[in-house]
Amino acid sequence: IKKQQQDVLGFLEANKIEFEEKDIAANEENRKWMRENVPEDSRPASGNPLPPRLFNDSRYLGDYEAFFEARENNAVYAFLGLTAPPGSKVGVHVSHHNF
């Protein structure tokens, strides 16, 4: 879990994407919030959903697997519900010809 969390945070920091980290180990409110906001169909069959989980405000985006897949497909900004900054290499493909 720790490696996945560092992977997500490292990516967000490297791309200067603002985020708020919610520690669920030390904070019962955060743990309760996460459990309540992960949709029924994204919860494990038994037990509680494990971090990291990504949200845009309280809109659930997905878990690490979904983030990883979006990153592999250069679609992280769309996954996060953000507009890619102009000229960014993430999520923007430009076809061009050299004459």
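Here the structure is shown first, and the text comes after it.
Worth saying up front: this structure is predicted, and the values here are computed from it rather than measured. (Residues numbered from 1 in each chain as written. Predicted model: local features only at pLDDT ≥ 70, side-chain atom pairs only at ≥ 80, totals over all residues. Heavy atoms only, no water.)

A. Structural view of the environment of phenylalanine 79. By secondary structure assignment, the location of phenylalanine 79 is in helix α4 (residues 76–80). Taking relative accessible area as the criterion, phenylalanine 79 reaches 15% and is therefore assigned buried. When the C-alpha positions of phenylalanine 79 and glutamate 69 are compared, they lie 9.6 Å apart, and in sequence the two are ten residues distant. (Helix = DSSP H or I, 4+ residues; strand = E, 2+ residues; numbered from the N terminus. Buried < 20%, exposed > 50% of the residue type's maximum accessible area, 1.4 Å probe, protein only.)

B. Structural view of the nonpolar core. In this structure, Leu54, Phe67, Phe79 and Leu80 are the most contacted members of the largest nonpolar core, which totals 13 residues. Counting only elements with at least two residues in this core, the list comes to α1 (2–14), α3 (64–72) and α4. The element that contributes the greatest number of residues to this core is α4, accounting for four residues. If near-sequence neighbours (up to four positions away) are discounted, phenylalanine 79 is found in contact with Leu54, Leu61, Gly62, Asp63, Ala66, Phe67 and Ala70. (Core = buried A, V, L, I, M, F, W, Y, C linked by side-chain atoms within 4.5 Å. Contact = heavy atoms within 4.5 Å.)

C. Structural view of the packing of aromatic side chains. Across all of its chains, the model carries six aromatic pairs by this definition. When the ring of tryptophan 33 is compared with that of phenylalanine 55, the centres are 4.7 Å apart and the planes differ by 65 degrees; the resulting orientation is edge-to-face. Taken together, the residues tryptophan 33 in helix α2 (residues 28–37) and phenylalanine 55 in strand β1 (residues 53–56) connect sequence positions 22 residues apart. Here the aromatic residues Phe11, Tyr64, Phe67, Phe68 and Phe79 are joined through ring pairs into a cluster of three or more. One Lys or Arg, lysine 22, reaches over the ring of tryptophan 33 and ends 4.5 Å from the middle of that ring. (Phe/Tyr/Trp six-rings, centres within 6.5 Å; stacked < 30°, edge-to-face > 60°. Lys NZ or Arg CZ within 6 Å of the ring centre and 35° of its normal.)

D. Representation of the pairing of strand β2 (residues 59–63) in the model. Bridge analysis of β1 against β2 gives four bridges, and the strand direction is antiparallel. By the bridge assignment for β2, leucine 54 is matched with glycine 62. The turn linking β1 back onto β2 is made up of two residues, and aspartate 57 within it adopts a positive phi angle of 55 degrees. (Pairing = 2+ DSSP bridges.)

E. Fine view of the environment of glutamate 36. Residue position: glutamate 36 is located in helix α2. On the accessibility criterion, glutamate 36 (54% relative accessible area) is exposed. Through-space distance from the C-alpha of glutamate 36 to that of proline 49 is 9.9 Å; in sequence the pair is 13 residues apart.

In short, the description is geometric, and any link to function would need to be established separately.
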